[in-house]
Amino acid sequence: MKTALYASAALAVVAAFGATAAQAQSRDTIQIAGSSTVLPFASIVAEEFGAAFPEFNTPVVGSGGSSGGLRQFCEGVGENTIDIANASRKIRAAEVEACAAAGVDDIREIVIGFDGIVFAVNADKGDFALEPIHVFNALAAQVMVDGELVDNPYTSWAEIDASLPDQPIALAIPAGNHGTREVFEERVVIPGCEEAGVEDEEACVAFRQDVVVEIAGDYTETLARLQSNTDTVGVFGLSFYEQNTDTLKVATVSGVEPTAATILAGEYPVSRPLQFYVKGAHVDVIPGLSEYVEFFLSDGIAGSGGRLEEAGLIPLEAEMRAQIVADFNEGAQAEAE
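In short, a report on the structure. Bear in mind the structure is a predicted one, so any value in this text is a computation, not a measurement.

**A word on the state of the cysteines**
- Considering all chains together, one arrives at 2 disulfides under this definition.
- A sulfur-sulfur distance of 1.9 Å marks the disulfide that ties Cys74 to Cys99. The chirality of the disulfide connecting Cys74 with Cys99 is left-handed, given an S-S dihedral of about -70°. Here Cys74 is found in the loop between α3 (65-73) and β3 (84-87), whereas its partner Cys99 is found in helix α4 (residues 93-101), with 25 residues between them in sequence. Side by side, Cys74 and Cys99 carry an identical accessibility label, which is buried.
- Each sulfur of the disulfide joining Cys193 and Cys204 lies 2.0 Å from the other. On the sign convention where negative is left-handed, the bridge of Cys193 and Cys204, at about -70° about the S-S bond, is left-handed. Of this pair, Cys193 sits in helix α7 (residues 179-196) while Cys204 sits in helix α8 (residues 201-204), and the two are 11 residues apart along the sequence.
- For Cys193, a relative accessible area of 0% translates into the label buried.
- By relative accessible area, Cys204 is classed as buried at 6%.

Structure below.
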């Protein structure tokens, strides 16, 4: 089990923002925060970067979730603000506006690869073949019964669909600070809600409190929940699952098993790109920032057979990585979702 990848990441310390990029000159270490999904990959790269470039300090990588990292990123420009925000979702228009209001008007996106969101259970449990409507009916506070919206009556998966295991319903899902949560809702919960015939948008994302636990921390907390309550179905990234295949197994979604091949082929329905955002005003100020970006997307790190693929990242083609680096060096700006 390689959950130590998460524990090995140092915690980034972020204070109030400085007024200008010049203030960052007194800091000589790259500061990173954000996505729990990207965290283990960034931690690997930071350590490898420190070894490959002894003239630069090893970057400090923290977690906090995609939303938390982008919130810190948008606090301003200067030595007391982070340089990079890791994210498992695209930056939002409102976040770009918040950044601009604080003087962060040069935001560069670096896509590093792909990952899938999986539903995992302990290896000794029954096999799950899930559809979005199953997931909605398991976690929604209210569901449709005989054409009416009522408080959720389901206590086991088999009550939802006889093809599912007769196992008590218990779910551990990412909290709202995680980019994984947003993708989970968009790709699974809302389609399931629509299929169930619920027209109230708020009801689609109002979850039960009795059997649903929202995890604000990283995926090791979700794993701990699966260990403490062995009936729990956990929601997290494919890369994390692949580090724990000795104790876990995953559900199919809409008949497709989550693998690197099915995600790259666009067959698995719950997948997303992973990325980080670089503060352009810090590029020529913080030592090693440009080198870190290029090193991250190098063949030996993010390419096929590279260190990050070994850790579970689904790599981009070499041509795409080269274009991303070229766009970064030309100052291309991130486009909000």
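So, next bit.
**Digging into the packing of helix α2 (residues 39-52) against helix α12 (residues 289-296)**
- Where α2 contacts α12, the two axes come as close as 10 Å, and the packing angle between them is 115°. The interaxial crossing formed by α2 with α12 has right-handed handedness. The residues of α12 that touch α2, namely those facing Phe41, Ala42, Val45, Ala46, Glu48, Phe49 and Ala52, are Glu291, Tyr292, Phe295 and Phe296.

Calculation criteria
- Residues numbered from 1 in each chain as written.
- Predicted model: local features only at pLDDT ≥ 70, side-chain atom pairs only at ≥ 80, totals over all residues.
- Heavy atoms only, no water.
- Disulfide = S-S within 2.5 Å.
- Helix = DSSP H or I, 4+ residues; strand = E, 2+ residues; numbered from the N terminus.
- Buried < 20%, exposed > 50% of the residue type's maximum accessible area, 1.4 Å probe, protein only.
- Axes fitted to C-alpha atoms, helices over the stretch in contact; angles between N-to-C directions.
- Left-handed = near helix turned anticlockwise from the far one by under 90°.
- Contact = heavy atoms within 4.5 Å.

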